[in-house]
Amino acid sequence: MPRLSDKGLSLPPSPIRKLVPYAEEAARHGVKVYHLNIGQPDIPTPQVAIDAVKNIHDKIFAYGHSAGLETYRRKLVGYYQSVGIELGYENLLITDGGSEAIFMAMSVCLSEGDEVLIPEPFYANYNGFAVEAGIKVKTIPASIDNDFALPPIEEFDRHITPRTKAINPTGYLYSQQELEQLRDIVLKHDLFLICDEVYREFCYDGAKHFSAMNLTGLEQNVIMIDSVSKRYSMCGVRLGTLASRNEEVLDAVLRMGQARLCPPYLAQVAA
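Residues numbered from 1 in each chain as written. Predicted model: local features only at pLDDT ≥ 70, side-chain atom pairs only at ≥ 80, totals over all residues. Heavy atoms only, no water.

1. Observations regarding the packing of helix α5 (residues 97-109) against helix α6 (residues 125-133)
Part 1 of the reasoning: Put simply, α5 and α6 touch, their axes get as near as 9 Å, and they point 40 degrees apart. Considered as vectors, α5 and α6 are oriented oblique to each other. When you trace α5 past α6, the crossing you get is right-handed. Of the residues in α6, those in contact with Ser99, Ile102, Phe103, Met106 and Ser107 of α5 are Tyr126, Phe129, Ala130, Glu132 and Ala133.
Part 2 of the reasoning: Across the contact of α5 with α6, the residue classes break down as 7 nonpolar, 2 polar and 1 charged. (Axes fitted to C-alpha atoms, helices over the stretch in contact; angles between N-to-C directions. Helix = DSSP H or I, 4+ residues; strand = E, 2+ residues; numbered from the N terminus. Parallel < 35°, antiparallel > 145°, perpendicular 65-115°, else oblique. Left-handed = near helix turned anticlockwise from the far one by under 90°. Contact = heavy atoms within 4.5 Å. Nonpolar A, V, L, I, M, F, W, Y, C, P; charged D, E, K, R; others polar.)

Structural data, given as structure tokens:
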């Protein structure tokens, strides 16, 4: 039989999905399962979103704009303003979930063989996205001893090579001071800063979220990934956002997205 491509053979299985059959089998045998393997909120999806889909009056579910419905993007602008992030609707591209936004950001910002630095532990599917994009993940271990705080900047400097093109901080609520430290190293090496902010509202014990979009001097470097999945417990809707003030990045992502024509129409109505 024909052989798969090297990329097809090297795609890593998701350790998150790998655990699902074991959890399902345990549940069938009456075992209480605590799901720590996937980010699925345990709150109901807002009724207003469900009603929006039930009461839709459109006669045709037509193709929409590749960037996403303008009405939805304008609504998102209002949401971002409410959390202190100033963006125009033209800074937003709607994707099929936050995962597609991550993959697209990696694909248009890094060439094949380039490297992205990611503090570890991190969202395991970044490995798969990197293989799909033909790039390499280089990890910098964070320690449980200091609650997985940002590794020392010296560690970033030590891992940066001529092939390093981006840093993707993840898995931890970084303070403004920590993000400003990252800003300095991003500027020093002229890198992209790809920030996954889908857990923005999940802050506890008085902690506050500071968005990478508000870092001064990084207007052309920051790409923000967002999604309705966690905030509204709408994981199955598969609706994400890629935000940037870099017009070249947005144009490249838009051209890449033309292959799928447009994000899901009903999902945007619900959101």
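Anyway, onward from the coordinates.
2. Let's talk about the side chain of Asn221
Part 1 of the reasoning: With respect to the helices and strands, Asn221 occurs in the loop between β5 (192-196) and β6 (222-227).
Part 2 of the reasoning: For Asn221, a relative accessible area of 10% gives the class buried.
Part 3 of the reasoning: Polar contacts involving the side chain of Asn221 include one to the main-chain carbonyl oxygen of Leu191, which spans 2.8 Å.
Part 4 of the reasoning: Those residues in contact with Asn221 that sit more than four places away from it in its chain are Val186, Leu187, Asp190, Leu191, Phe192 and Leu193. (Buried < 20%, exposed > 50% of the residue type's maximum accessible area, 1.4 Å probe, protein only. Polar contact = N/O pair within 3.5 Å; in protein donor to acceptor, adjacent residues only side chain to side chain.)

3. Digging into unusual backbone geometry
Part 1 of the reasoning: Residue Pro121 follows Glu120 across a cis peptide bond; omega there is 15 degrees.
Part 2 of the reasoning: The phi torsion at Ser233 lies on the positive side, around 55 degrees, for a residue other than glycine.
Part 3 of the reasoning: Mapped onto the secondary structure, Ser233 falls in the loop between β6 and β7 (240-244).
Part 4 of the reasoning: Owing to a relative accessible area of 5%, Ser233 belongs among the buried residues under this scheme.
Part 5 of the reasoning: The backbone of Arg238 shows a phi angle near 55 degrees, a positive value even though the residue is not glycine.
Part 6 of the reasoning: Its place among the elements puts Arg238 in the loop between β6 and β7.

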